[in-house]
Amino acid sequence: MRYATFMAIPFRSTTEPPEGTGHAPERQPLDLREAVSFDPTCEVSVATTPVEAGTMVRLEGVRKSFGDNLVLDGVDLSVDPGEVLVIIGPSGSGKSTLLRCVNLLEPIQAGRILLEGEEITRKGVNVSAIRQRIGIVFQQFNLFPQLTALDNLTLAARRIRKIPRREAEARAHELLASVGLKEKAHQHPHQLSGGQQQRVAIARALMMEPHVMLFDEVTSALDPELVGEVLVVMRNLARDGMTMLIVTHEMQFAKEVGDRVVFMDGGRIVEEGPPRDVLDNPKEERTQQFLRRTQLSHTLEELTIDEEGGSE
């Protein structure tokens, strides 16, 4: 398999306007085809689970509250092997909490979650073993600052899976090469850009050979010019057949890479379907309202501010 040599490409995030401007940045189109070139002489294997019949992840009637705040309200959702599911929605809609529940970082109050047909929310489940099958990458990189990129990748593999150092480091070098960081193995996080740190975080999650990957707004903390290099890594994972649940505000990425888009609001799934159906021709009024606000498909003159500060 060829590995990718990455270039930072300009891509405007739609999540927040630049400080002091008072308006959203002009959104530049993302062309992932122009974001990467390949070295055909180097073979790199990125372990993914073969696509087989059945459901990889299933949520049945999942409810989750923080005190009196109901965050997930009876969510039913299934993800097939090799499917890329993109989850969008406003802040506080339950997107990130859903991922954290799938990874067992948050307990649920009702319902159940299954991974490859096994109920992972039952009592007595081996949480550590389950988490080795579910990789997760957060908005913040969460790298160990005192460790090199190589050691960040190998630490869990050596301590939890008891993989010998030489074998773990060989695997880590392959993964760093696959995310375009072959020459950065011995550098510390402070010596890397934000995009490079996030790619190290993705490689670290892959080190445990997960069956499914969760991405929680992994580009929202990056400078706009660094977003593309991370999205290309995620696109390549999708092409390799990795099952992925992605929370993002990058709508163009959702169109190009996603197999299905889910729009959440108020802890519920409001609408779901193929990316171009949901993003270009949404049926639900709440979805239409959200997309108008995030994509500025109308001019600013056509928008108004409601009493709660939102734009209409």
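Residues numbered from 1 in each chain as written. Predicted model: local features only at pLDDT ≥ 70, side-chain atom pairs only at ≥ 80, totals over all residues. Heavy atoms only, no water.

(A) Structural detail: the packing of helix α5 (residues 194-206) against helix α6 (residues 224-239). Remark: α5 packs on α6, axes separated minimally by 8 Å, with the N-to-C direction vectors making an angle of 20 degrees. Accordingly, the angle class assigned to the pair α5 and α6 is roughly parallel. Remark: the crossing between α5 and α6 carries right-handed chirality. Within the contact between the two elements, α5 uses Gly194, Gly195, Gln196, Gln198, Arg199, Ile202 and Leu206 and α6 uses Leu226, Glu229, Val230, Val233, Met234 and Leu237. When its residues are assigned to classes, the contact of α5 with α6 shows seven nonpolar, four polar and two charged. (Axes fitted to C-alpha atoms, helices over the stretch in contact; angles between N-to-C directions. Helix = DSSP H or I, 4+ residues; strand = E, 2+ residues; numbered from the N terminus. Parallel < 35°, antiparallel > 145°, perpendicular 65-115°, else oblique. Left-handed = near helix turned anticlockwise from the far one by under 90°. Contact = heavy atoms within 4.5 Å. Nonpolar A, V, L, I, M, F, W, Y, C, P; charged D, E, K, R; others polar.)

(B) Inspection of the pairing of strand β3 (residues 57-66) at higher detail. The sheet contact formed by β3 and strand β4 (residues 69-79) spans eight bridges and is antiparallel. Bridging from a neighbouring strand, Lys64 pairs with Leu72 of β4. Taken together, the five bridges between β3 and strand β6 (residues 110-115) define a ladder with antiparallel strand orientation. Residue pairing across strands places Val57 opposite Leu115, the latter belonging to β6. (Pairing = 2+ DSSP bridges.)

(C) Local environment of the environment of Glu209. The residue Glu209 is located in the loop between α5 and β9 (212-216) in this model. Sequence spacing of Glu209 and Gly135 is 74 residues, and the spatial spacing of their C-alpha atoms is 8.1 Å. Of the polar contacts made by the side chain of Glu209, one reaches the side chain of Arg161; its length is 3.4 Å. (Polar contact = N/O pair within 3.5 Å; in protein donor to acceptor, adjacent residues only side chain to side chain.)

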